[in-house]
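Breakdown of the fold
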Amino acid sequence: MSIYKVKKENMKSIVPLFAGWEESLIWSCLQGCMGDAWADRKERPQAARIILADFCYFAGKVNKDLVAEEIKTQSRDFLIMVPPMNDSGNAWAQEIEIVYQSHCKRVERYAIKKEPDIFDRKNLEQIAAGLNTEYEVKLMDEEIFRQTREQDWAKDFTSQYADYQDYSRRGLGAFILHQGELAAGASSYTIYREGIEVEIGTREDHRRKGLASVCGARLILECMDRGLYPSWDAQNKWSVALAQKLGYHFDRTYPAYEIYV
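Just so you know, these numbers come straight off a predicted model, no measurement behind them.

**Observations concerning the sheet that holds strand E3 (residues 47-52)**
Judged by pairing direction, the sheet is mixed, and its eight strands sit side by side in the order E1-E2-E3-E4-E5-E13-E6-E12 without closing on themselves. Every interior strand has two partners, whereas the edge strands, strand E1 (4-5) and strand E12 (233-234), have only one. Alignment of strand E4 (residues 55-60) against strand E5 (residues 78-82), held across three bridges, turns out to be parallel. Within the sheet, the bridge partner assigned to Phe55 lies in E5 and is Ile80. Across the sheet, helix H8 (residues 237-246) touches strand E6 (104-112), E12 and strand E13 (250-260), and the angle it forms with E6 is around 10°.

**Remarks on the pairing of strand E10 (residues 195-202)**
Within E10, seven of the eight residues are buried, leaving the element largely enclosed by the surrounding structure. In this structure, strand E9 (residues 181-192) lies alongside E10, joined through eight bridges in antiparallel fashion. By the bridge assignment for E10, Ser188 is matched with Val198. Where E9 hands over to E10, the hairpin turn is made up of two residues, counted between the paired strands. Relative to strand E11 (residues 229-231), E10 runs parallel, the two sharing three bridges. Residue pairing across strands places Glu197 opposite Ser231, the latter belonging to E11. Chirality of the crossover, the property in question, places the unit of E10, helix H7 (residues 211-226) and E11 among those that are right-handed.

Definitions and cut-offs
Residues numbered from 1 in each chain as written. Predicted model: local features only at pLDDT ≥ 70, side-chain atom pairs only at ≥ 80, totals over all residues. Heavy atoms only, no water. Pairing = 2+ DSSP bridges. Helix = DSSP H or I, 4+ residues; strand = E, 2+ residues; numbered from the N terminus. Contact = heavy atoms within 4.5 Å. Axes fitted to C-alpha atoms, helices over the stretch in contact; angles between N-to-C directions. Buried < 20%, exposed > 50% of the residue type's maximum accessible area, 1.4 Å probe, protein only. Right-handed = clockwise from strand over helix to strand, strands pointing away.

Written out as structure tokens, the structure is:
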């Protein structure tokens, strides 16, 4: 097996392989902000893999070692593998299925267009103002951060940051509290130089009250004020509908593989 971890200073060697990917998690890794990358060779690589958070992206000529190595050697039991959307995509998908067999599940995800300056500030302000008086919306603070680390449903809001200091320096989030307890949030799942990838969710007992819309609108407004782009990728049609309510436009579906070991 010949796989080489790509050093941050050498990320430029795999940039051409990922040309055309409209994916902020890939940009984050290539920019050295978050995540790790591997390639099939040190010089002039022909295949590469990027892993950030729960996502794994492939590029270049299909390579079995890049597909099989990570989840077998690292301390993770779940990963979402995404083959490239080009001529090599089917070959990568077939290799994933061969390697993981019953441990992988093919799913459809929903890409949302990345369109700077698309948002209607007045609409977002109206949504953000529509919060029931029993709730309050706040930007991230140390107490909210602590709660995200203690509640399973909220962990992905801050899971990619070392600690509160790291988040306060690089992250951004808007959260809704109910009697001091975290009820919903919209946060920077990951970051890249030009923006963030949005992670949004509501605690089960507070759903269907419009809370996700409120904190999503508040987060987008904060991004607009700071010159950041809030990138959005949808796991399901509910997420697509919410994105569209906030001003995004649907792009396309794409295949991915949920890997369970």
